[in-house]
Amino acid sequence: STQQPDLVIVGAGLFGLTIAERCAEELGLRVLILERRHHLGGNAYSEFDPETGVEVHKYGAHLFHTSNERVWQYANRFTSFTDYKHRVFGKYQGQVYSLPMNLGLINQFFGKSHTPDEARALIAEQSSEIATEDASNLEEKAISLIGRPLYEAFIKGYTAKQWQTDPTELSAEIITRLPVRYTFQNGWFSDTYEGLPVDGYTAWLTKMADHPNIEVRLETDFFAVADDYKGKVPIVYTGPVDEYFGNSEGRLSWRTVDLEESVVDTGDFQGTGVVNYNDQEVPYTRIIEFKHFHPEREKTHLPGKSVIVHEYSRFAEEGDEPYYPVNTADDRAKLLKYRELAKSEPMVLFGGRLGTYKYLDMHMAIGAALSMYDNKLKPHFTEGAELTSGGIDA
Ligand code: FAD
Ligand code: UDP
């Protein structure tokens, strides 16, 4: 139709879908979502492999977890979640260890049993060469937390492969979320809620857009049709912020991951969903075996076969999927300039992982979208409040 929608959303990822659902359902707005891929769902999108029946997360393994009650309740309106608890194992010099660092790993690595207090004393001694407050980069931070031997085994090589940057040049922040536990508890996440969508990610994400007021236009690049909407109708833009401004302040740097998918002739390749490869010589960072995310689907999986993905990390070039913000000092300087530009862009709000250049987990993307709805969109549409980004804000 030629009728203008009330709101245009660029990008059908979790951020855009959350905005669309709220505005259509709560405010009765007519929402148009433009998505340049052939599917909705953004990077959380998955497909069931037709040969094996295994659900494959097409843009890398996605594990849902949150401690945010509102986000959990909201997500549960569209899907229920299995009781899957994520665990990660790490291979190093021919042995397999249970991550994150815990009493099991410490005992195995040092070849001797330790009580929790003994392990604490050992790590305190090993990490005493640098005080955590004085740590100014990833390497120093890691050594100040776990000591040099564990750093060199489990962090140094993996991080070098994942970031292709010397760990002394990376921000200490990257590993603040890697805990050390003086128990045998080896759950990867520490959140209140965790699980995988029972019918898969795509069923969940499709349901979010299943509303008579929401139209999703796939294979449509916003920049090809921008003149129809810019300045005429409110826009929530969740694509890359630098691209919106024609890269005028320079490109922001991203890391991408090459995902090499294969079907192997065994019913069980590695006995678990994720194995990290901590040796620097192994070219990939980890192998994902998707069937282990859904043990409850065992009967629907083709016996004797499994789908695995080798992950190789590298700097994103033009045309690659931007996955993780590299966030160097240079990037942060550019981002400040883009935020200034965004402030004066009329009727456009910037959101999501790409629009804010922030690594957002799914629950953070949903939470940030709910905040934008509460604080910007609802006041605009119900009370006529001015719609300006006031900076890019997640
Ligand atoms: P996206 O999902 O990236 O969606 C943005 C959409 O905008 C895309 O579909 C894109 O095609 C579209 N778009 C961009 N530009 C245009 C344009 N010009 N015109 C039209 N459309 C456009 N989170 C977790 O909670 N747990 C995990 O285990 C986890 N694992 C991850 C693993 C990887 C490898 C990656 C990359 C991310 C992972 N995440 C995980 C994060 C999760 O993917 C994000 O939280 C989520 O994708 C954020 O949603 P979004 O809508 O902001 O962005
Ligand atoms: N990391 C590491 N060894 C591991 C796992 C993680 O050194 O076995 C470091 C690495 O620098 C990585 C960061 O911790 O970039 C975050 O790891 P996570 O697995 O959470 O990254 P993601 O799943 O987001 O790629």
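Remember, predicted model here, so these are calculated numbers, not experimental data.

K.L.:
Before we move on, could you go through the overall build of the protein chain and cite the residues and values that matter?
P.N.:
From N to C terminus, the protein chain includes 12 helices and 16 strands. Taken along the three principal axes of its C-alpha coordinates, the protein chain extends 70 × 50 × 35 Å. Taken across its 394 residues, the protein chain has 39% of its residues classed as buried. Within the protein chain, residue pairs in contact and separated by at least 24 positions form 76% of the contacts whose partners lie at least 6 positions apart.

K.L.:
Describe in detail the nonpolar core, supporting the description with residues and values.
P.N.:
By size, the foremost hydrophobic cluster in this structure holds 70 residues, and its most contacted members are Ile9, Ile19, Ala20, Val31 and Ile33. Among all residues touching Ile19, those that are not within four sequence positions of it are Ile9, Val236, Ala369, Met372, Tyr373 and Leu377. Within the second largest apolar cluster, 20 residues are counted, among which are Leu99, Leu105, Tyr151 and Ala153.

K.L.:
Kindly report on the site of ligand 2, identifying the contributing residues and their values.
P.N.:
Taken together, 12 residues sit near ligand 2, with Ile155, Tyr158, Thr159, Gln162 and Asn276 positioned nearest. Top element by residues in the shell around ligand 2 is helix α6 (residues 148-163). It accounts for five residues. Of the residues in the shell around ligand 2, the class split is seven nonpolar, five polar and no charged.

K.L.:
Describe the site of ligand 1, listing the residues and the values that go with them.
P.N.:
The immediate surroundings of ligand 1 are formed by 35 residues, with Gly11, Gly13, Gly42, Gly60 and Gly239 found nearest. Within the residue set of the shell around ligand 1, elements represented by two or more residues are α1 (14-27), α8 (222-229), α11 (352-356) and α12 (362-383). Broken down by class, the residue content of the shell around ligand 1 amounts to 18 nonpolar, 11 polar and six charged.

K.L.:
How would you sum up the sheet that holds strand β9 (residues 214-217)? Please name residues and give values.
P.N.:
Strand order in the open sheet formed by five strands is β9-β2-β1-β10-β16, and the pairing between neighbours is parallel. Of all the strands in the sheet, the pair left with one neighbour each is β9 and β16 (348-350). With direction set aside, neighbouring strand axes in the sheet form an average angle of 20°. The pairing of strand β1 (residues 7-10) with strand β10 (residues 235-237) spans three bridges and is classified as parallel. What sits directly across from Ile9, in β10, is Val236.

K.L.:
Please provide a residue-by-residue account of the confidence of the model for the protein chain, values included.
P.N.:
Fine structural detail should not be taken from predicted coordinates in areas where pLDDT scores are low. In this model, the protein chain carries an average pLDDT of 95, and 98% of its residues clear a pLDDT of 70 or more. We note a pTM of 0.96 for the whole complex and an ipTM of 0.97 for its interfaces.

K.L.:
Give me the packing of α1 against α12: which residues, what numbers.
P.N.:
For the pair α1 and α12, the least separation of the axes is 8 Å and the interaxial angle reads 40°. When the interaxial angle is binned, α1 and α12 end up oblique. Crossing of α1 against α12: the hand is right-handed. From α1, Leu14, Phe15, Thr18, Ile19, Arg22, Cys23 and Leu27 reach across to α12, where they touch Met362, Ala365, Ile366, Ala368, Ala369, Leu370, Met372, Tyr373, Leu377, Lys378, Phe381 and Thr382. Its residues assigned to classes, the contact of α1 with α12 shows 15 nonpolar, two polar and two charged.

K.L.:
Which residues make up the domain arrangement of the protein chain, and what values go with them?
P.N.:
If you check the domain split of the protein chain, you get domain 1 (7-40 + 209-250 + 327-383) and domain 2 (102-175). Once you take the C-alpha centre of each, domain 1 and domain 2 turn out to be 39 Å apart.

K.L.:
Tell me what's going on with α1, and back it up with residues and numbers.
P.N.:
Relative to the 20 Å expected for 14 residues at 1.5 Å per residue, α1 spans 19 Å between its end C-alpha atoms, a close match to the ideal helical length. Of all 14 residues that make up α1, 11 are buried, and the element is covered over most of its length. Residues of α1 that are buried: Leu14, Phe15, Gly16, Leu17, Thr18, Ile19, Ala20, Glu21, Arg22, Cys23 and Ala24. Positive phi appears at Gly28, one or two residues downstream of α1, with a value of about 70°.

K.L.:
Kindly report on the sheet that holds strand β7 (residues 95-99), identifying the contributing residues and their values.
P.N.:
Sheet architecture is open: seven strands sit in the order β7-β6-β12-β13-β14-β11-β15, paired in mixed fashion. Single-partner strands in this sheet number two, and they are β7 and β15 (324-325). Sheet strands touched by α6: β6 (88-92), β11 (254-264), β12 (274-277) and β14 (306-315). Its angle to β6, the strand with the most contacts, is close to 95°.

Basis of the calculations
- Residues numbered from 1 in each chain as written.
- Chains lettered and ligands numbered in written order.
- Predicted model: local features only at pLDDT ≥ 70, side-chain atom pairs only at ≥ 80, totals over all residues.
- Helix = DSSP H or I, 4+ residues; strand = E, 2+ residues; numbered from the N terminus.
- Buried ≥ 20, exposed ≤ 12 C-beta atoms within 10 Å, placed from the backbone.
- Contact = placed C-beta atoms within 7 Å.
- Core = buried A, V, L, I, M, F, W, Y, C linked by C-beta atoms within 7 Å.
- Near = placed C-beta within 6 Å.
- Nonpolar A, V, L, I, M, F, W, Y, C, P; charged D, E, K, R; others polar.
- Pairing = 2+ DSSP bridges.
- Axes fitted to C-alpha atoms, helices over the stretch in contact; angles between N-to-C directions.
- pLDDT = per-residue confidence, 0-100.
- Parallel < 35°, antiparallel > 145°, perpendicular 65-115°, else oblique.
- Left-handed = near helix turned anticlockwise from the far one by under 90°.
- Domains from an automatic or database assignment.
- Expected span 1.5 Å × (residues − 1).

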